[in-house]
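Read off the chains here:
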Amino acid sequence: MAEEKTIRKSFHILCIGVTFVVFAEASGLVAYPKMLANFDLGAGYAVWMQLGFALGLTGFQPLFGWLGDYFGQKMVILLGAALLAIGTSLVALAPFFWVLVFGMFIKGVAGAAVIPAGFTYVGKFFKDEQRGKALGIFGFYSVIGGVLGPVISGMFVDSMGWSSIFWFCAFLGVVTFLLFFIGVPTVQGGKLGSFDFLGVIFVVLTLLGILTIPTFINSYGISSWMLLPPFGVFVIAFLLLIVVEKKQKDPLIDIKYATNRNFWVTSIIAVLLSVTFSSIMYVLTFFVQGVQEKSSTIIGLLQMALFATMAVANLLSGRWMSRLSARFMIGLSIIMLIGGSGMLIVVTIDTSFLYLLISMCLIGIGIGLAGPATKAVVLSEADPSRLGTITFTFNMIETTAQRVGASFAIVTYALFAARGNAVSALSSTALILTIFTAMSFIFLYLIPKKVRGFQGVTGSAENVEVDTTEYDMNATK
């Protein structure tokens, strides 16, 4: 009983730390236009900021998952908190644009180390019948950072300048480090295997290739032959990654589980939904500020509504899993997301704040319902000894889709806007995203009818040894 209380208490402390990190990751977007204006650069240069941030956030998640499996998760999240303080300080101090891009990269690496940790923790310590609620709670906590990030960032940017929000995030990095150090107990890792160095190299090259494609489209145009190098790097690195990982005893990417229907089908759906979710946030930022000429605070309020509804939907999703099927839960999320993005197809320069607010709420509900449900499907057949690798890999896929989607959305919006009509740029981009989201229905019925954790289908999570000595000593101080 005492051990169960320790696990639950440390889980909530971990969630609070993740909330601070998500806040820091979400707060930068509102400042993008003024950051670029500070260096006398156009909107297209946001793709480079996005590339640096995205590569850090996605490229290192499998590595941190592997390290967590073998060295323990606490070491990984402490490193992530420290990197958050370093990266955001570097952005605030940047004398040149490319130093700022590097700071965004470090900030992304920090998120890669910390944000998926709650997902892994749930898989290790909660049984299937408890996972739904635990995933909903984790989703709620993490989304709270997204709720507060944009609106508080907007206030900081409007009143004290864009660098002020990054100094505040550096402070949060220090607070998060102390929270993790004191409140999260050490979890014993597994037997140390050989380090998958080639896996790390090919994962980074694969993601660098795919993330660079929209950047090159922005720089050279969609018909340029310059798109071939990054596309070639992506394809070759991806194929070599599969070959290398199949031969590894302790691979960075679990290829065996990746072929499981519960993983690959859910991953495809998560990609389709994540692209729309992240893209809408980015293009709406430039539309509201650049076309409607409204303040950063308005953008913050719209994003706050999106994340607030997403947080509530996370809790509801976690509770509804015991009564509803995985197909129904994910299907409902697809419908809500299509409704929200579809509303933006008919926007005009005079579209009201309320109309945009309703659109954001629908998108928030849709992505919020999908979060715990898709993660529960992935966990349902996962090997307990490889949970770090599996959960961080899935999270990498999800966040890569968000980053690539956001980059393509920025480029698409910029290309449409360059034709002289920025209003139709948003409408055209929203139409593409709505069709993209609707493709999720093709894969929905490939999800098994019965999945552990849904509709009373249960199983048992393996026991994991927890060293609570450090926690108990700190608690008595």
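Given the structure is predicted, the values throughout are model-derived calculations rather than measurements.

1. Topic: the environment of Leu301
(1) Moving on: On the secondary structure map, Leu301 appears in helix α13 (residues 296–320).
(2) Moving on: Using a relative accessible area of 30% as the deciding quantity, one classes Leu301 as partly exposed.
(3) Moving on: Linking Leu301 and Val147, residues 154 residues apart in sequence, is a C-alpha distance of 8.9 Å.
(4) Moving on: Once you skip the residues sitting within four places of it in the chain, Leu301 turns out to touch Val151, Phe353 and Leu357.

2. What to know about the nonpolar core
(1) Moving on: Core analysis: the largest hydrophobic core is formed by 146 residues, its most contacted members being Met35, Leu100, Phe166, Phe287 and Phe454.
(2) Moving on: The dominant element in this core, judged by the number of residues it contributes, is helix α12 (residues 261–291), at 17 residues.
(3) Moving on: With residues near it in sequence (within four places) discarded, Met35 still touches Gly28, Met49, Val91, Leu100, Trp162 and Phe166.

3. Details of a nonpolar patch on the surface
(1) Moving on: Taken together, the side chains of Phe197, Leu198, Ile201, Leu205, Leu208 and Val233 define a hydrophobic patch exposed on the protein surface, amounting to about 470 Å² of accessible area.
(2) Moving on: Mapped onto the elements, Phe197 comes out in helix α9 (residues 197–220).

4. Looking at the confidence of the model for the protein chain
(1) Moving on: Summing up the model confidence of the protein chain, the mean pLDDT is 80 and the portion of residues at 70 or higher is 87%.
(2) Moving on: Across the protein chain, the element-wise mean pLDDT spans from 39 in helix α19 (residues 469–476) up to 93 in helix α14 (residues 326–343).
(3) Moving on: Segment residues 460–477 is flagged for pLDDT under 50; beyond a separation of four residues in sequence, or across chains, it makes 32 contacts in the model.

5. A closer look at the packing of aromatic side chains
(1) Moving on: By the definition in use, this model includes 12 aromatic pairs.
(2) Moving on: Ring centres 6.2 Å apart and planes at 75° place the aromatic pair Phe263 and Phe394 in the edge-to-face group. Residue Phe263 is located in helix α12, and its partner Phe394 is located in helix α16 (residues 387–417); the two are separated by 131 residues in the primary sequence.
(3) Moving on: On the basis of relative accessible area, Phe263 is assigned to the buried category, the value being 5%.
(4) Moving on: In this structure an aromatic cluster arises from ring pairing among Phe23, Phe156, Phe168 and Phe171.
(5) Moving on: The cationic tip of Lys74 hangs over the ring face of Phe181; the distance from NZ or CZ to the ring centre is 5.6 Å.

6. Considering the pattern of salt bridges
(1) Moving on: Following the criterion strictly, the structure yields 2 salt bridges and no others.
(2) Moving on: Of the charged contacts in the structure, one is a salt bridge between Lys34 and Asp158, with a shortest N-O distance of 3.2 Å. Within this pair, whereas Lys34 is found in helix α1 (residues 2–38), its partner Asp158 is found in helix α7 (residues 128–160), the two being separated by 124 residues in sequence.
(3) Moving on: Between Glu398 and Lys375 there is a salt bridge; the shortest N-O distance is 3.2 Å. Residue Glu398 is located in helix α16, and its partner Lys375 is located in helix α15 (residues 353–379); the two are separated by 23 residues in the primary sequence. An identical accessibility class is assigned to Glu398 and Lys375; each is buried.

7. Notes on the packing of helix α6 (residues 117–125) against α15
(1) Moving on: α15 packs onto α6 with a crossing angle of 50° between their chain directions and a minimal axis gap of 11 Å. On the basis of the axis angle, α6 is oblique to α15. α6 and α15 meet at a crossing whose hand is right-handed. Contacts from Phe119, Val122 and Gly123 of α6 reach α15 at Lys375, Val378 and Leu379.
(2) Moving on: Among the residues forming the contact of α6 with α15, the class breakdown is 4 nonpolar, 1 polar and 1 charged.

Rules of the game
- Residues numbered from 1 in each chain as written.
- Predicted model: local features only at pLDDT ≥ 70, side-chain atom pairs only at ≥ 80, totals over all residues.
- Heavy atoms only, no water.
- Helix = DSSP H or I, 4+ residues; strand = E, 2+ residues; numbered from the N terminus.
- Buried < 20%, exposed > 50% of the residue type's maximum accessible area, 1.4 Å probe, protein only.
- Contact = heavy atoms within 4.5 Å.
- Core = buried A, V, L, I, M, F, W, Y, C linked by side-chain atoms within 4.5 Å.
- Patch = residues over 30% accessible without salt bridge, like charges linked within 9 Å, V, L, I, M, F, W, Y side chains within 5 Å.
- Areas by Shrake-Rupley, 256 points an atom, 1.4 Å probe, with all protein chains shown as cover.
- Salt bridge = Lys/Arg side-chain N within 4 Å of Asp/Glu carboxyl O.
- pLDDT = per-residue confidence, 0-100.
- Phe/Tyr/Trp six-rings, centres within 6.5 Å; stacked < 30°, edge-to-face > 60°.
- Lys NZ or Arg CZ within 6 Å of the ring centre and 35° of its normal.
- Axes fitted to C-alpha atoms, helices over the stretch in contact; angles between N-to-C directions.
- Parallel < 35°, antiparallel > 145°, perpendicular 65-115°, else oblique.
- Left-handed = near helix turned anticlockwise from the far one by under 90°.
- Nonpolar A, V, L, I, M, F, W, Y, C, P; charged D, E, K, R; others polar.

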